[in-house]
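Remarks on the overall topology
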Number of protein chains: 2
Amino acid sequence: MVKIILNQPQMGENIGAAARAMMNFNIGELRLVAPRDGWPNEKAIAMAAGAFDVMPPVQVFQTLDDAIADLHFTLATTARPRDMVKSVYTPSGAATEIHSRQSNGQDIGLIFGAERSGLSNEDISHMNGIITIPTNPDFPALNLGQSVLLMAYEISKHMSSSPNQTLHTGESPPAKIEETSKFITRLETELESSEQFFRSPELMPTMKRNIRNIFLRDDLTQQEVRTLHGILSALITKRG
Amino acid sequence: MVKIILNQPQMGENIGAAARAMMNFNIGELRLVAPRDGWPNEKAIAMAAGAFDVMPPVQVFQTLDDAIADLHFTLATTARPRDMVKSVYTPSGAATEIHSRQSNGQDIGLIFGAERSGLSNEDISHMNGIITIPTNPDFPALNLGQSVLLMAYEISKHMSSSPNQTLHTGESPPAKIEETSKFITRLETELESSEQFFRSPELMPTMKRNIRNIFLRDDLTQQEVRTLHGILSALITKRG
């Protein structure tokens, strides 16, 4: 299933418009991360034209990491490509990717940033890829509801067709985000304690993002995550 | 060029949202038919986020026929297919069609109905075809700004590619709507005066719509319209 995840949304109206757009194209699951005005929200309900009555209950999370932990694949929508090594999808390309992963039983998250600030580079480094909606460079700003509408439309368009590609992962199911994330966190902790890797404290956040980008791009299976843990353990033991 | 034509729009906010969506995808020409609150409209300007400053001046018409007279091809967006013999396009199919016609130098109109009432069957019978956005049957209603956004997005997506098809019309350019329309009106007048055709006054509007649908579907060249006039003249003279 596809979950639409709004990270720190500010205006209830935009949450409502997103919900309405989702139901227009039958994408039913909405997650909110730390909505500014709490939840439920009267303005959201007024704007949704009844969408909340026909979709599963909205789930609210305190952090973006919590909101994506049980998913297998996540894409962040951004107005511009970032200076990061990440797969960048068009809306249509993303819909194709989502469709093949869904056929394979994966749960997918589409993450939309706050109205003004969007998603930080740190947020984005926790995602598997980026979607960039190709707008007019001289007039690029879509609002939150409109971005959700375009993505819901593209996903709905692709749902009716056969996927172009399916993933073969043998006997091992794909890793959930939290499994891959736990490995990355463990790796970071080990690197911090080694004192040989993060030599400059100023560069540490960037280096961590780069590491995260390497492993999240990899589309790991659960077995592969276990293998990586094993490699890490072996290396530590050797060092010790 | 593509002209976005809003027929009898009610709320200024929706005109503004449409303009903003148009500029997001670089579709620059907006026509209004009898806007309820006149033009210019403060609420439209507030909602447009500056779009009116960077697009050509909005053109205002008193009737839908006036607004499409100088165009070559028109498509009406409707929430549902009508009981009429008309080509029905998906948004993507319409964008492909528009793209090939544009490459051939044609001017195209996309017509959007009023917020509540949409377009009448009479309005639609004056168009060459219909676009139906495939929404969730249990939650179908898109607002005006969102419909314009999706169409502008699809058109912009297709603009960057080569057309799949170009029209070959030999030496004769494609007829403008007003040229085809004049022939249809003349034909109707002749049929009315014959007293053999429109036997039931109640059925006359439907029969006229059916006739209009036949000729508008035909994609006539200017030469062909002249030929049809010639045929009609010949038939009348023979009758007389």
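Reading guide: rules and limits
- Residues numbered from 1 in each chain as written.
- Chains lettered and ligands numbered in written order.
- Predicted model: local features only at pLDDT ≥ 70, side-chain atom pairs only at ≥ 80, totals over all residues.
- Heavy atoms only, no water.
- Axes fitted to C-alpha atoms, helices over the stretch in contact; angles between N-to-C directions.
- Helix = DSSP H or I, 4+ residues; strand = E, 2+ residues; numbered from the N terminus.
- Parallel < 35°, antiparallel > 145°, perpendicular 65-115°, else oblique.
- Left-handed = near helix turned anticlockwise from the far one by under 90°.
- Contact = heavy atoms within 4.5 Å.
- Nonpolar A, V, L, I, M, F, W, Y, C, P; charged D, E, K, R; others polar.
- Least-squares fit on C-alpha atoms with pLDDT ≥ 70 in both.
- Pairing = 2+ DSSP bridges.
- Buried area = accessible area lost by both parts, 1.4 Å probe.
- Salt bridge = Lys/Arg side-chain N within 4 Å of Asp/Glu carboxyl O.
- Polar contact = N/O pair within 3.5 Å; in protein donor to acceptor, adjacent residues only side chain to side chain.
- Buried < 20%, exposed > 50% of the residue type's maximum accessible area, 1.4 Å probe, protein only.
- Right-handed = clockwise from strand over helix to strand, strands pointing away.
- Phe/Tyr/Trp six-rings, centres within 6.5 Å; stacked < 30°, edge-to-face > 60°.
- Core = buried A, V, L, I, M, F, W, Y, C linked by side-chain atoms within 4.5 Å.

Residues and elements named next belong to chain B. At a minimum axis distance of 10 Å, the contact between helix H8 (residues 177-194) and helix H9 (residues 204-216) shows a crossing angle of 140°. Comparing their axes, H9 and H8 come out oblique. Crossing hand, H8 versus H9: right-handed. Touching Thr180, Ser181, Phe183, Ile184, Thr185, Leu187, Glu188, Leu191 and Glu192 of H8 are Met204, Lys208, Ile211, Arg212, Phe215 and Leu216, all from H9. Of the residues assigned to the contact of H8 with H9, the class counts are eight nonpolar, three polar and four charged.

For the match of chain A to chain B, the screw axis carries a shift of 0.1 Å, the RMSD comes to 0.1 Å, and the turn is 180°. One copy is carried onto the other by what is essentially a two-fold rotation axis. A share of 100% of interface residues in chain A that are also interface residues in chain B marks the association as one of identical surfaces.

Sheets are built from strands that pair by backbone hydrogen bonding, the pairs being arranged parallel or antiparallel. Residue and element names in this part refer to chain B. Strand order in this open sheet of seven strands is E3-E2-E1-E6-E4-E7-E5, and the pairing throughout is parallel. The sheet is open, and its two borders are formed by strand E3 (59-61) and strand E5 (87-89), each paired with just one other strand. On average, each strand axis in the sheet is tilted by 25° relative to the strand beside it, whichever way the strands run. As paired elements, strand E1 (residues 2-7) and strand E2 (residues 29-33) share five bridges and run parallel to each other. Looking at E2, one finds that Asn7 is bridged to Val33. Each of E1, strand E4 (73-78), strand E6 (108-112) and strand E7 (129-132) is contacted by helix H7 (residues 144-159), which is oriented at about 155° to E6, the strand it contacts most.

With that settled, consider the interface of chain A and chain B. With 29 residues of chain A in contact, the opposing surface of chain B contributes 29 residues. Each partner contributes to the roughly 2,200 Å² buried at the junction of chain A and chain B, and carbon and sulfur atoms together form 57% of this total. Looking only at chain A, the three residues that lose the most surface to chain B are Asn24, Phe139 and Tyr153 of chain A, adding up to 30% of its buried area. Run the count over chain A and chain B and you get two salt bridges. The shortest N-O distance in the salt bridge between Glu154 of chain A and Lys157 of chain B comes to 2.6 Å. Taken together, chain A and chain B are joined by 16 residue pairs in polar contact (both at pLDDT 80 or more). Contributing elements (two or more residues each) for the side of chain A that touches chain B: helix H1 (12-24), helix H3 (51-54), helix H5 (91-103) and helix H7 (144-159) of chain A. Residue contributions to the side of chain A that touches chain B peak at seven residues, all from H7 of chain A. For the side of chain A that touches chain B, the residue count by class is 17 nonpolar, nine polar and three charged.

Another aspect to go through is the pairing of E1 of chain B. All names here are of chain B. Burial within E1 is extensive, with six of its six residues counted as buried. Across five bridges, the pairing between E1 and E6 is parallel. By the bridge assignment, Lys3 is partnered in E6 with Gly109. The β-α-β motif built from E1, the intervening helix H1 (residues 12-24) and the parallel element E2 has right-handed crossover chirality.

A word on the packing of helix H5 (residues 91-103) of chain B against H7 of chain B. All names here are of chain B. Remark: H5 packs on H7, axes separated minimally by 9 Å, with the N-to-C direction vectors making an angle of 50°. By the angle between their directions, the pair H5 and H7 is classed as oblique. Crossing geometry of H5 relative to H7 is assigned as right-handed. Across from Pro91, Ser92, Ala94, Ala95, Thr96, Ile98, His99 and Gln102 in H5, the residues of H7 making contact are Met151, Glu154, Ile155, His158 and Met159. When its residues are assigned to classes, the contact of H5 with H7 shows seven nonpolar, five polar and one charged.

Moving on, we come to the environment of Glu202 of chain A. Residues and elements named next belong to chain A. With respect to the secondary-structure elements, Glu202 resides in the loop between helix H8 (177-194) and helix H9 (204-216). According to the relative accessible area criterion, Glu202 is exposed, its value standing at 63%. Between the alpha carbons of Glu202 and Gln106 there is a distance of 37 Å; along the sequence they are 96 residues apart. In this structure the side chain of Glu202 is engaged in a polar contact, spanning 3.2 Å, whose partner is the side chain of Ser200.

Attention now goes to the packing of aromatic side chains. All names here are of chain B. Here the structure, examined in full by the defined rule, presents eight aromatic pairs over all chains. Ring geometry for Phe25 against Tyr153: centres 5.6 Å apart, planes inclined by 70°, an arrangement best described as edge-to-face. Of this pair, Phe25 sits in the loop between H1 and E2 while Tyr153 sits in helix H7, and the two are 128 residues apart along the sequence. Residue classification places Phe25 among the buried positions, given a relative accessible area of 3%. Judged by its relative accessible area of 1%, Tyr153 is buried.

In this structure, Leu30 of chain A together with Leu30 of chain B are the most contacted members of the largest nonpolar core, which totals 80 residues. Not counting chain neighbours up to four residues away, the residues in contact with Leu30 of chain A comprise Ile4, Leu6, Ile15, Ala19, Met22, Phe52, Met55, Val58 and Gln59 of chain A.

Attention shifts here to the pattern of salt bridges. When the charged atoms of two side chains with opposite charge come close together, those side chains can pair. Evaluated as defined, the whole model comprises 16 salt bridges over all chains. Across the salt bridge formed by Glu192 of chain A and Lys208 of chain A, the nearest N and O atoms sit 2.5 Å from each other. Remark: Lys208 of chain A occurs in helix H9 and Glu192 of chain A occurs in helix H8; sequence separation between them is 16 residues. Given a relative accessible area of 38%, Glu192 of chain A falls into the partly exposed group. Here Arg36 of chain B ties to Asp37 of chain B by a salt bridge, and the two come within 3.1 Å at their closest N and O atoms. Here Arg36 of chain B falls in the exposed class, since its relative accessible area comes to 53%.

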